[in-house]
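# Remarks on the overall topology
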Amino acid sequence: MIEVKNISKTFLDNKVLNNVSYTLKKGMCNLVIGRSGSGKSVFLKSVVGLHEVDQGEILFDGRDTTKMASKELKALRKEIGMVFQGGALFNSSTVEENVRYPLDMFTTMSKAEKQKRIDYCLDHVHIENAHQLFPSEISGGMQKRVAIARAIALNPKYLFFDEPNSGLDPVTAIIIDNLIQEITKELNVTTLVITHDMNSVMEIGENIMYVYQGQKWWEGNKKEIFNTNNPELNDFVFASDLFKSIKKQN
Amino acid sequence: MGKVFSKPEKHKILFRNMLQEMDKLGVGSILIIMIIMFFMGAVVTIQTALNLENPFVSKIIIGFATRDSIILEFSSTVTSVILAGIIGSNIASEIGTMRITEQLDAMEIMGVNSAGYVILPKILGMMIMMPFLVIIAMSVGILGGLASTFVIESLSVQDYLAGLQLDFSPYRVFYSLVKSDVFAIIITTVSSYHGFNARGGALEVGKAGTKGVIYSIILILVANLFITHLMLT
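Every chain begins its residue count from 1, and numbering advances along the sequence as written. Chain letters start at A and ligand numbers start at 1, both assigned in the order the entries are written. Per-residue local features of the predicted model are confined to residues with pLDDT of at least 70, and side-chain atom pairs are confined, for both listing and counting, to 80 or more; whole-chain, interface and lining totals are unaffected and use all residues.

### Examining the overall build of chain B
Keep this limit in mind: Put simply, DSSP marks the helices as runs of H or I at least four residues long and the strands as runs of E at least two long, and each gets a number from the N terminus on. Here a residue counts as buried when 20 or more other C-beta atoms fall within 10 Å of its C-beta, as exposed when 12 or fewer do, and as partly exposed in between; the C-beta atoms come from the backbone. By the criterion used throughout, residues are in contact when their C-beta atoms, derived from the backbone, lie within 7 Å.
Across its full length, chain B holds eight helices and zero strands. Reading the secondary structure of chain B in the N-to-C direction produces α-α-α-α-α-α-α-α. Considering only C-alpha atoms, chain B reaches an extent of 70 × 35 × 30 Å along its principal axes. Looking at chain B residue by residue over its 233 residues, the buried ones come to 47%. Considering only contacts within chain B whose residues lie at least 6 apart along the sequence, 87% involve residues at least 24 apart.

Here's what the structure looks like:
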């Protein structure tokens, strides 16, 4: 479980996060949704420690990362897997080398053990016959799946996804969503997904926070989100004609 | 800077990466250095010969002047300025691209010290390779001068070779090698710094490359002055 308590973050004079609190539940897909520029990605990067927060606490199973020494933080990061918006694969390395990277850096596994783990991770994300290809030689959806394979290579306790469906077609996006849900349940990890894709909310939204202008505006699950009276959230959820027609039908 | 020189996660991986950088940055630059220095050596010899047409000045002075020009300045400073343009922009754009595509963030999230992982092998690799490049530059430059004796009617090969051996001081080679290592540090650290701190998109990566080259060249010229003052005066 990850508890985020009253965090704020300012860039120059721009307060991007304002006193946000949120509890990420273990074994669940926790979603942070909101419009572009609402502070979702800053929230994620603050939780994982890429941004230093101005105030507040971030507790990973009781361990406050805002007060941790860099050595402790480094150790904690080995329990974290993250998939970036663009995949962030190392473009001079092959698919297999990308997945091997964390194993090379942090394990004392033998070559055979590493290969077994790489095969397991790539099988898990349904990557076949692409082990020796470079990221530029595979599709965007495959890049995301390789990034997921790399993120789970070290058996993380916490998984973070920054807009995993951006730039993907609806079918591939659903495949990625299902993969996220599958991995979360199977590995019993605490997962945080940042998204503005309502399809993802419907697919995997178990514990959702809506961020509006840097503040927590609403919290609930995917059933509750369609019956909320929160006007800003309604504007966000029912922005498309498709969702408006679904609401009318219901 | 502290992060760059902090203890690496695995020494074996640092060594492997360093060998890769030595190949990419050092070995990859040999051909261009050889081409540039061959022609530079030839041109220096021709120009020196043109300026020393006085019958009272011995012809062996041409070989002597060419040798010293190449050893003291062209092989180290000029080579480094050229390398700043070639590998400085390469380093800055490589690291800058890693920054804007979040590859460096991905390393940090895994608990890897990205600055140490990416920059340190480049610094060490170039520090090892630079003296070799300078020795190659010296040799090819002098060979270029020798080749030019075939087109200069007033200069014989024997005079040129005698000039090369006149009043030779190994300390000057040492001075040039010391300079080259300082320049290697300047090129790699300055370019890496600009790449590492690139923010935004492709345009910023390009700007980082340009800044890396400009600041490296300026610092090379300033360092050249200080080292020369310290070691030769």
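### Quick look at unusual backbone geometry
All names here are of chain A. In the Ramachandran plot, Asn 19 falls in the positive-phi region, its phi being about 55° despite a non-glycine side chain. Assignment of secondary structure puts Asn 19 in strand E2 (residues 14-24). A residue is classified by how many C-beta atoms lie within 10 Å of it, and Asn 19, with 14 of them, is partly exposed. Although it is not a glycine, His 126 adopts a positive phi angle of roughly 60°. Examined against the element boundaries, His 126 turns out to sit in the loop between helix H4 (111-124) and helix H5 (140-152).

### So, the confidence of the model for chain B
What counts is decided by this rule: The score called pLDDT rates the predictor's confidence residue by residue, from a low of 0 to a high of 100.
Of all residues in chain B, 100% attain a pLDDT of 70 or more, and the chain-wide mean is 92. On the interface metric, ipTM, the complex scores 0.84, and its pTM is 0.86.

### Here we look at the sheet that holds strand E6 (residues 80-83) of chain A
All names here are of chain A. Basically, it comes down to this: Whether two strands pair comes down to DSSP finding at least two bridges between them. Between the N-to-C directions of two axes lies an angle of 0 to 180 degrees, each axis being a line fitted to C-alpha atoms and, for a helix, fitted only over the stretch in contact.
Within the open sheet, the six strands sit side by side as E6-E7-E8-E3-E9-E10. Their pairing is mixed. Every interior strand has two partners, whereas the edge strands, E6 and strand E10 (215-220), have only one. Across this sheet, the average inter-strand angle for adjacent strands is 20°, counted without regard to direction. Examined bridge by bridge, strand E7 (residues 158-162) and strand E8 (residues 190-195) share five bridges and lie parallel to one another. Of the residues in E8, the one forming a bridge with Phe 161 is Val 193.

### Considerations on the sheet that holds strand E1 (residues 2-11) of chain A
All names here are of chain A. Reading across from one edge, E2-E1-E4-E5 is the order of the four strands in this open sheet, with antiparallel pairing throughout. The open sheet terminates on both sides in strands that have one partner only, identified here as E2 and strand E5 (63-64). Two strands pair when backbone bridges link them, and strand E4 (residues 55-60) and E5 are joined in this way by two bridges, in the antiparallel orientation. Within the sheet, the bridge partner assigned to Leu 59 lies in E5 and is Asp 64.

### A closer look at the environment of Met 127 of chain B
All names here are of chain B. Looking at the element boundaries, Met 127 is found in helix H5 (residues 114-148). Given 18 C-beta atoms within a 10 Å radius, Met 127 is considered partly exposed. Put simply, Met 127 and Gly 26 are 101 residues apart on the chain and 9.5 Å apart in space, counted from C-alpha to C-alpha. Discounting chain neighbours no more than four positions away, the residues touching Met 127 are Asp 181, Ala 184 and Ile 185.

### Quick look at the packing of helix H3 (residues 60-100) of chain B against H5 of chain B
Each pair of packed helices can be summarised by the angle the axes make with each other and by the distance between the axes. Residue and element names in this part refer to chain B. Threshold: Crossing chirality is assigned from the near helix's rotation relative to the far helix, an anticlockwise turn below a right angle marking it left-handed and a clockwise turn marking it right-handed. Asp, Glu, Lys and Arg are counted as charged, while Ala, Val, Leu, Ile, Met, Phe, Trp, Tyr, Cys and Pro are counted as nonpolar; the rest, among them Gly, fall into the polar class.
In the contact formed by H3 and H5, the axes pass within 9 Å of each other and the chain directions differ by 145°. Handedness of the H3/H5 crossing: right-handed. Counted together, Thr 66, Arg 67, Ile 70, Ile 71, Phe 74, Ser 75, Ser 76, Thr 79, Ile 91, Ile 95 and Met 98 of H3 and Val 118, Lys 122, Leu 133, Val 134, Ala 137, Met 138, Gly 141, Ile 142 and Gly 145 of H5 form the full contact between these two elements. Each residue belonging to the contact of H3 with H5 can be placed in one class, and the counts come to twelve nonpolar, six polar and two charged.

### Looking at the pairing of E8 of chain A
Residue and element names in this part refer to chain A. Counting buried positions along E8 gives six out of six residues, so the element sits mostly inside the fold. Of the two faces of E8, both are covered, the one formed by Thr 190, Leu 192 and Ile 194 as well as the one formed by Thr 191, Val 193 and Thr 195. Pairing of strand E3 (residues 29-33) with E8 involves five bridges; the strand directions are parallel. The residue of E8 that forms the bridge with Val 32 is Ile 194.

### Remarks on the pairing of E3 of chain A
All names here are of chain A. In terms of burial, E3 is a largely internal element, five of the five residues being buried. On E3, burial covers both faces: Cys 29, Leu 31 and Ile 33 on one face and Asn 30 and Val 32 on the other are all buried. Bridge count between E3 and strand E9 (residues 207-212): four bridges; the pairing is parallel. Each bridged residue has a counterpart across the sheet, and for Asn 30 the counterpart in E9 is Asn 207.

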